[in-house]
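A structural walkthrough
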Amino acid sequence: MSDNDINELGVINREFDKPTTKKDQQESRVVEELSSQSNNQVTMEVKVASPFTRYYDGQAFSVSAINATGPFDILPKHHNFMSLLQPCNLVIRTANGDEKKLDIAGGLLHVKADKVTVFLDI
């Protein structure tokens, strides 16, 4: 990067920041599509439950947790996914802007067609 790549305000020119690989370009298009949705109303259905308790059931912008490979996030339009969860704080960013944190001892997370289901105490 040269001095020509940075303007007088110290901002990097957007041309330098463009995705170069096909995968990066696809991810960039998905992010742009989600960002362009009116009022950020892109959500997914989330249910968190144990055999006798329902902890959360509603719309959310994201779910964050930890599995054996490390921390991860689930966002709307996520591919089908299933994972065993490690003990962690499960964080749900709700559609009304709140953040719900659940201290879990582990569980099973399943994602399919913008529906996230987390099974606890199994």
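Above this text you will find the structure in question.
Right, let's walk through the structure included here. Values in this document were obtained by computation on a predicted structure and should not be read as measured data. (Residues numbered from 1 in each chain as written. Predicted model: local features only at pLDDT ≥ 70, side-chain atom pairs only at ≥ 80, totals over all residues. Heavy atoms only, no water.)

Let us now look at the pattern of salt bridges. Applying the stated rule across the entire model yields 4 salt bridges. Across the salt bridge formed by E45 and K47, the nearest N and O atoms sit 3.7 Å from each other. Here E99 ties to R93 by a salt bridge, and the two come within 3.3 Å at their closest N and O atoms. Since its relative accessible area comes to 31%, R93 is described here as partly exposed. Salt bridges sharing common partners tie together R93, E99 and K101. (Salt bridge = Lys/Arg side-chain N within 4 Å of Asp/Glu carboxyl O. Buried < 20%, exposed > 50% of the residue type's maximum accessible area, 1.4 Å probe, protein only.)

What follows is about the nonpolar core. The tendency in soluble globular proteins is for nonpolar side chains to be buried side by side. Residues V46, V48, L90, L109 and V116 are the most contacted members of the largest nonpolar core, which totals 20 residues. Elements that contribute at least two residues to this core include exactly β1 (44-49), β2 (54-67), β3 (70-74), β5 (88-94), β6 (99-104), β7 (107-112) and β8 (115-120). Looking at which element gives the most residues to this core, the answer is β2, with 4 residues. (Core = buried A, V, L, I, M, F, W, Y, C linked by side-chain atoms within 4.5 Å. Helix = DSSP H or I, 4+ residues; strand = E, 2+ residues; numbered from the N terminus.)

Inspection of every chain in the model, using the stated rule, returns 1 aromatic pair. Aromatic pair F72 and F81: ring centres 5.6 Å apart, planes at 65°, arrangement edge-to-face. Accessibility expressed as a relative area gives 13% for F72, which makes it buried. On the accessibility criterion, F81 (27% relative accessible area) is partly exposed. (Phe/Tyr/Trp six-rings, centres within 6.5 Å; stacked < 30°, edge-to-face > 60°.)

What is shown is where atoms sit, not what they do.
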